[in-house]
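This is what each chain is made of:
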Amino acid sequence: MKQEWEGHAGELMLDAGGTDRSRAAYRLSTLGREHLEAAESLQHTVVQGLQDQTQLSPFSPDELERVITGRGRTVGVFVDGRLMAFRAVDFPGNDPDNLALDLGFAEPLARQAAHFEMSVVHPDCRGNGLQQLMGHAVLELIRARRDVRFILATVSPSNVPSLKDKFALGMHIAALKPKYGGLWRYILLRKLEQRLGTPGQESCIRRGEEETGIVLEDTDRLTACAVPATASDELLALSSSYARQQELLAAGFIGTRLQVTAAGHLIAYRKRDFV
Ligand SMILES: CC(C)(COP(=O)(O)OP(=O)(O)OC[C@H]1O[C@@H](n2cnc3c(N)ncnc32)[C@H](O)[C@@H]1OP(=O)(O)O)[C@@H](O)C(=O)NCCC(=O)NCCS
């Protein structure tokens, strides 16, 4: 199905080197096999420019092919026909790397997951909010699929733009653990409420699940994770203090907001509401 944003065009500020910034027209579109080489080259440029190499786990050639031409989808931003940014989504199905399994979801529910995968923006195009722009496009791709009920993503605790992006897309921190061979990562979750329809339909579906016993435990967990608590419950933790955050998560808190302060990056945790 063709998305409304497909072919969407606009203007951005391009870094022309030094302090020079110039306006340039961009176009948004999904990537296909013909863009594989450009995507690999863009990823290479971005990885080379990273100050902290542990912030990003780049796609292997196979993974890139999977999100562009296989089970995933990838959205790209073009300036003058040149790929300057891309953002991918994967539908992991019963893959053992499905992040829902890290949150303890059972197989049948885990299969309804989508993963927000990597986003990269060429250094010359940063500062235009392209990650967010592509995020909304990717969200539409996910919503178009009837079989997806929630979205998951991993983010390095030190990756501020990426954390801001995930919170802005309605996600919250559900876990913090070493991934990808020992790199610390938040696992973020967003439930797609519209899958369940109106509150009336939702409680009806939940009652049905309770009656049949199907994925009851996971549904409770999913719902609990998705519901924000009252503001007074908020506790702050430094994003660099892994043990403290793991304690909070184990005690039923979820991370909902980033606060950048002189003392460091703070994550606001709120108690999950059990409904
Ligand atoms: C992460 C990335 C995709 C964001 O690019 P972008 O869309 O151009 O992001 P922007 O520069 O518009 O910044 C988005 C937000 O992050 C903030 N930000 C950007 N860099 C920051 C930094 N180093 N420290 C603190 N905040 C920062 C911006 O102020 C902006 O905040 P706002 O929305 O509150 O105004 C890009 O930096 C990138 O390609 N990084 C390398 C690859 C990567 O880390 N990808 C994410 C992991 S998948």
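Everything quoted here is computed from the prediction, not taken from an experiment.

## Quick notes on the overall build of the chain
Then, number 1: Each helix and strand in the chain was counted, giving nine helices and 11 strands.
Then, number 2: Looking at the 275 residues of the chain, the share that counts as buried comes to 47%.
Then, number 3: Partitioning the contacts of the chain with sequence separation of at least 6, the portion at a separation of at least 24 is 65%.
Then, number 4: For the chain, the accessible area works out to roughly 13200 Å², and carbon and sulfur atoms hold 51% of it.

## Focus: the packing of aromatic side chains
Then, number 1: Counted by the stated rule, this structure contains two aromatic pairs.
Then, number 2: Judged by centre distance (5.1 Å) and plane angle (80 degrees), the ring pair of Phe 105 and Phe 150 falls under edge-to-face. Here the residue Phe 105 occupies a position in the loop between helix H3 (99-102) and helix H4 (107-110), and Phe 150 occupies one in strand E6 (residues 150-155), the gap between them amounting to 45 residues. An identical accessibility class is assigned to Phe 105 and Phe 150; each is buried.
Then, number 3: Above the ring of Tyr 180, the side-chain terminus of Lys 179 is found at 6.0 Å from the ring centroid.

## Some remarks on the layout of surface pockets
Then, number 1: As a volume, the largest pocket reaches approximately 1200 Å³.
Then, number 2: As for the largest pocket, its lining consists of 48 residues, and the residues nearest its centre are Leu 56, Met 118, Ser 119, Asn 159 and Ser 162.
Then, number 3: At the level of elements, helix H2 (61-69), strand E5 (113-121), helix H5 (130-143), E6 and helix H6 (160-168) are the ones that each hand at least two residues to the lining of the largest pocket.
Then, number 4: If one sorts the elements of the lining of the largest pocket by residue count, E5 sits on top with seven residues.
Then, number 5: Looking at side-chain class alone, the lining of the largest pocket contains 18 nonpolar, 16 polar and 14 charged residues.

## Remarks on the pairing of strand E7 (residues 172-179)
Then, number 1: Where burial is concerned, most of E7 is hidden: six out of the eight residues are buried.
Then, number 2: In this sheet, strand E8 (residues 183-191) lies alongside E7 in antiparallel orientation, the contact comprising seven bridges. Within E8, the position partnered with Ile 173 by the bridge is Leu 188.
Then, number 3: Between E7 and E8, which pair antiparallel in sequence order, lie three residues; one of them, Tyr 180, sits at a positive phi of approximately 45 degrees.

## Concerning the pattern of salt bridges
Then, number 1: Counted by the stated rule, this structure contains 15 salt bridges.
Then, number 2: Salt-bridge contacts for Arg 87 lead to Asp 165; the nearest nitrogen and oxygen are separated by 2.8 Å. Of this pair, Arg 87 sits in strand E4 (residues 82-90) while Asp 165 sits in helix H6, and the two are 78 residues apart along the sequence.
Then, number 3: Between Glu 107 and Arg 111 there is a salt bridge whose closest N-O contact spans 3.2 Å.
Then, number 4: When its relative accessible area of 46% is taken as the criterion, Arg 111 is described as partly exposed.
Then, number 5: Counted as one network, the salt bridges with shared partners bring together Arg 66, Arg 71, Asp 90 and Asp 95.

## Examining the site of the ligand
Then, number 1: Around the ligand, 18 residues are found, and the nearest of them are Ser 119, Val 121, Gly 129, Gln 131 and Asn 159.
Then, number 2: For the ligand, an oxygen atom lies 2.8 Å from a polar atom in the backbone of Gln 131.
Then, number 3: Relative to its free-state accessible area of 950 Å², the ligand is covered by the protein chains to the extent of 64%.
Then, number 4: Elements that contribute at least two residues to the shell around the ligand include exactly E5, H5 and H6.
Then, number 5: Among the residues forming the shell around the ligand, the class breakdown is nine nonpolar, seven polar and two charged.

## Remarks on the confidence of the model for the chain
Then, number 1: The pLDDT averaged across the chain works out to 86; a share of 83% of its residues lies at or above 70.
Then, number 2: Taken element by element, the chain is modelled with least confidence in helix H8 (residues 216-226), mean pLDDT 40, and with most confidence in E4, mean pLDDT 98.
Then, number 3: Here residues 194-202 is modelled with pLDDT under 50, and outside its nearest four sequence neighbours on either side it reaches 14 contacts, counting other chains as well.
Then, number 4: Note that residues 211-230 has pLDDT below 50 and, in this model, 44 contacts with residues that lie over four places away or in other chains.

## Re the nonpolar core
The tendency in soluble globular proteins is for nonpolar side chains to be buried as a group.
Then, number 1: In this structure, Val 75, Phe 116, Ile 142, Ile 173, Tyr 186, Ile 267 and Tyr 269 are the most contacted members of the largest nonpolar core, which totals 44 residues.
Then, number 2: When residues of this core are assigned to domains, at least three fall in each of domain 1 (9-195) and domain 2 (228-270).
Then, number 3: Not counting chain neighbours up to four residues away, the residues in contact with Tyr 186 comprise Ala 153, Thr 154, Val 155, Pro 157, Leu 163, Ile 173, Ala 175, Leu 176, Ser 239, Gln 245, Ile 267 and Tyr 269.
Then, number 4: Residues Ala 39, Phe 78, Leu 83 and Met 118 belong to the second largest nonpolar core, which totals 17 residues.

## Thoughts on the packing of helix H1 (residues 36-48) against H2
Then, number 1: As a packed pair, H1 and H2 sit with axes 11 Å apart at the nearest point and diverge in direction by 125 degrees. With respect to H2, the axis of H1 lies oblique. For the pair H1 and H2, the crossing hand works out as right-handed. Listed contacts from H2 to Leu 36, Ala 39 and Glu 40 of H1 are Pro 61, Leu 64, Glu 65 and Ile 68.
Then, number 2: Class assignment of the residues belonging to the contact of H1 with H2 gives a composition of five nonpolar, no polar and two charged.

Reading the values: the criteria
- The numbers attached to residues start from 1 for each chain and follow its sequence in the written order.
- Only residues with pLDDT of at least 70 get local features here, since the model is predicted, and only at 80 or more are side-chain atom pairs given and counted; chain-wide, interface and lining totals rely on the full set of residues.
- The basis for every side-chain value is the complete set of heavy atoms in the structure, and neither hydrogens nor water enter the calculation.
- What counts as a helix is a DSSP run of H or I of at least four residues, what counts as a strand is a run of E of at least two, and both are numbered from the N terminus.
- Only protein chains enter the area calculation, which uses a 1.4 Å probe; residues under 20% of their type maximum are buried, those over 50% are exposed, and those in between are partly exposed.
- Residue contacts are defined here by distance: any two heavy atoms, one from each residue, within 4.5 Å place the two residues in contact.
- Calculation of accessible area relied on Shrake-Rupley with a 1.4 Å probe; when residues are assessed, cover is drawn exclusively from the protein chains displayed.
- Whether two aromatic rings pair depends on their centres lying within 6.5 Å, for rings of Phe, Tyr and Trp, where Trp uses its six-membered ring; planes under 30 degrees apart make the pair stacked, over 60 edge-to-face, and the rest tilted.
- Geometrically, a lysine NZ or arginine CZ counts as sitting over a ring once it is within 6 Å of the ring centre and also within 35 degrees of the ring normal.
- A cavity here means a set of points on a 1 Å grid, drawn over the protein atoms and nothing else, where a 1.4 Å probe fits but cannot get out; a pocket is an open set with protein on both sides within 12 Å along at least five of seven lines, and a residue lines either one if it has an atom within 4 Å of a point.
- Grid points are joined across faces, edges and corners, and a volume is the space filled by probe spheres set on the points.
- Amino acid classes used here: Ala, Val, Leu, Ile, Met, Phe, Trp, Tyr, Cys and Pro are nonpolar; Asp, Glu, Lys and Arg are charged; the rest, including Gly, are polar.
- Strands are labelled as partners when DSSP assigns at least two bridges between them.
- Note on definitions: salt bridges are taken to be side-chain nitrogens of Lys or Arg within 4 Å of carboxyl oxygens of Asp or Glu.
- One heavy atom suffices: a residue is near a molecule or strand as soon as one of its heavy atoms comes within 4 Å of it.
- Whenever two N or O atoms come within 3.5 Å, that pair is a polar contact, provided that in protein one can donate a hydrogen and the other can accept it, and provided that, for residues adjacent in sequence, both atoms are side-chain atoms.
- For every residue, the pLDDT score states the predictor's confidence, bounded by 0 at the bottom and 100 at the top.
- Put simply, buried Ala, Val, Leu, Ile, Met, Phe, Trp, Tyr and Cys residues joined by side-chain atoms within 4.5 Å make one nonpolar core.
- The domain boundaries here were taken from an automatic or database domain assignment.
- Note on geometry: axes are C-alpha line fits, over the in-contact stretch for helices, and angles between N-to-C directions span 0 to 180 degrees.
- An angle below 35 degrees is treated as roughly parallel, one above 145 as roughly antiparallel, one from 65 to 115 as roughly perpendicular, and anything else as oblique.
- Definitions for this section: a left-handed crossing has its near helix turned counterclockwise from the far helix by less than a right angle. A right-handed crossing has that turn clockwise.

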